[in-house]
Amino acid sequence: MRILRALIAGLFLLAAAASAQAAPPEPPGWHAVWATSAQLPSKAMDSNWSLDGFSNHTLRQVIRVSQGGVAIRVRLTNRYGTQPLSIAGATIAVTDTGASIRPNTLRPLTSGLASAFDIPAGADLVTDPVPLSVAPFQSLTITLYLAQATGPATHHAQAFATTYRAPGDHRADDSGLAFTETTQAWYYLSGVEVLDVLPHASGVVAFGDSITEGVGSTPDANHRYPDALAERFAAEGNPRAVIDQGIGGNRVTVDSTWLGDSAQHRFRTDVLDQPGIGTVIILAGINDIGLSAPGPGAADAVVPVSTDDLIAAHLDLIHRAHAKGLRVIGATLTPFGGSPYDSPSAESARLAFNDWLRTTAPYDALADFDATLRDPTNPHRLAATYDSGDHIHPNDIGYATMAAALRPADFA
């Protein structure tokens, strides 16, 4: 342990020395390489374990980082907890298959060098650094042993990745045989950061709703558009981290108990507080429009939101991002003809908002996802090639096409 601490200390000194002579684009140090947006406990989207919480359970969760580094640390969150969250033990390892891990990569996750630690209600925690070399696009398994009853759990409802659960303490298991229960949600995770001792390109936050989150993509395949964008950067020789801060059903202007805090309210934690970020892509507003009037798409509380309201909210996000020194890319709202949101008034609002984006909005750049994905013979609908089948969310090909449509020159 003394050797590991010495190694981490040496890396910090090297990063600090390099930062003093920081060269563009981004100085050495910690930067976000994976993240997800925290939500209140809820079963409204899909069946999950968040309302019941955990007691004498081990959770094993698999994530994929978009960049590598020489050390790693994990951000855990009890943001919506009503009592302290007791972590009886935690580990991180390189994923093998399913819930199994590569044995020689298993490392303890600690806080203040303690293997057991508490996270107060409403708080986040960053673990101690772990000297684990991580490669770009490597899948990592984060395991939490929760011995005491947690109460309802802060989670992310739609992960499109399998989370595993076992009774008892299995934090150090190499095999995944004990993990017989599964769900498609993440619990208590909010981010992963790596330490890079060399200058690197600044990272990107993809911020939005279910289209950013990856609804319609293949589970456990990392085929969301932010995943495809990170892969594209690497393939073109300009690797940079891309993190996904999408929430299904999320609105720009309206908070929801099961569709997440509004984009305006979560922008600080999900974008501005992320280390090593230089650009944010904002694709948001479809749910404000779709949930403005009663109808088959109105699964949550209907709150009328005008185009002017939506524009004002986007102007607020742009101002806050610019104040932080971020470059901001605005994305047009994609077609939803044939979906539950489809109505003449909703389509009129979408077109009016997109017209503002293309002609007036003070974004630094435009991602015209509407033009990219629409059916050229029926522009109110997604092209069939890109449609996951619900007429609002792209499929794997559609998400890859979105990533390919972004211009590298538009990023900081």
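As a reminder, the structure under discussion sits directly above these lines.
The model shown is predicted, which means the values in this text are computed figures rather than measured ones.

### Side note on the overall build of the protein
So, step 1. Regarding its fold elements, the protein presents nine helices and 21 strands.
So, step 2. The C-alpha atoms of the protein give 21 Å as radius of gyration, which agrees with the globular expectation for 412 residues (22 Å, within 12%).
So, step 3. The dimensions of the protein, computed from C-alpha atoms along their principal axes, are 65 × 50 × 35 Å.
So, step 4. Expressed as a percentage of the 412 residues in the protein, the buried residues total 57%.
So, step 5. Considering only intrachain contacts with a sequence separation of at least 6, the fraction spanning at least 24 residues in the protein is 79%.
So, step 6. For the protein, the exposed surface amounts to about 15400 Å²; the carbon and sulfur share of it is 55%.

### Describing the sheet that holds strand E14 (residues 189–196)
So, step 1. The strand order E1-E14-E3-E8 describes an open sheet built from four strands, whose pairing is antiparallel. Strand pairing shows two members of the sheet lacking a second neighbour, strand E1 (29–35) and strand E8 (124–126), which therefore form its edges. Each adjacent strand pair in this sheet contributes to an overall mean axis angle of 25°, direction not counted.
So, step 2. Relative to E14, E1 runs antiparallel, the two sharing six bridges. The partner of Gly29 across the bridge, within E14, is Asp196.

### Looking at the sheet that holds strand E9 (residues 139–146)
So, step 1. Here we have six strands laid out as an open sheet, ordered E6-E5-E9-E2-E11-E12, and antiparallel in their pairing. If you trace the sheet from one side to the other, it starts and ends with strand E6 (107–108) and strand E12 (181–183), each paired once.
So, step 2. Across five bridges, strand E2 (residues 57–64) lies against strand E11 (residues 163–167) in antiparallel orientation. The partner of Gln61 across the bridge, within E11, is Thr163.

### Structural notes on the environment of Ile286
So, step 1. Inspection of the secondary structure assignment puts Ile286 in helix H5 (residues 286–290).
So, step 2. Here the alpha-carbon distance between Ile286 and Thr127, two residues 159 residues apart in the chain, equals 36 Å.
So, step 3. Beyond its immediate chain neighbours, meaning those up to four positions away, Ile286 contacts Asp209, Ile211, Leu333, Thr334, Phe336, Tyr341 and Ile392.

### Considering helix H4 (residues 263–272)
So, step 1. Taken together, the buried positions of H4 are Ala263, Arg266, Phe267, Asp270, Val271 and Leu272.
So, step 2. In this fold, the buried residues of H4 make contact with strand E15 (203–208), strand E16 (242–246), strand E17 (277–283) and helix H6 (307–323).

### Observations concerning unusual backbone geometry
So, step 1. One non-glycine residue, Leu113, lies in positive phi territory at about 70°.
So, step 2. By the element assignment, Leu113 lies in the loop between E6 and strand E7 (117–119).
So, step 3. Using a relative accessible area of 47% as the deciding quantity, one classes Leu113 as partly exposed.
So, step 4. The phi dihedral of Phe137 is positive, around 65°, even though this residue is not glycine.
So, step 5. Mapping Phe137 onto the fold places it in the loop between E8 and E9.

### Structural notes on the side chain of Asn48
So, step 1. With respect to the helices and strands, Asn48 occurs in the loop between E1 and E2.
So, step 2. Engagement of the side chain of Asn48 in a polar contact is seen with the backbone oxygen of Ser42, the distance being 2.9 Å.
So, step 3. In terms of polar contacts, Asn48 uses its side chain to reach the side chain of Ser50, at 2.7 Å.
So, step 4. The contacts of Asn48, once residues within four sequence positions are left out, are Ser42, Lys43, His155, Thr183, Ala185 and Tyr187.

Definitions and limits used
Residues numbered from 1 in each chain as written. Predicted model: local features only at pLDDT ≥ 70, side-chain atom pairs only at ≥ 80, totals over all residues. Heavy atoms only, no water. Helix = DSSP H or I, 4+ residues; strand = E, 2+ residues; numbered from the N terminus. Rg over C-alpha atoms; globule rule 2.2 N^0.38 Å. Buried < 20%, exposed > 50% of the residue type's maximum accessible area, 1.4 Å probe, protein only. Contact = heavy atoms within 4.5 Å. Areas by Shrake-Rupley, 256 points an atom, 1.4 Å probe, with all protein chains shown as cover. Pairing = 2+ DSSP bridges. Axes fitted to C-alpha atoms, helices over the stretch in contact; angles between N-to-C directions. Polar contact = N/O pair within 3.5 Å; in protein donor to acceptor, adjacent residues only side chain to side chain.

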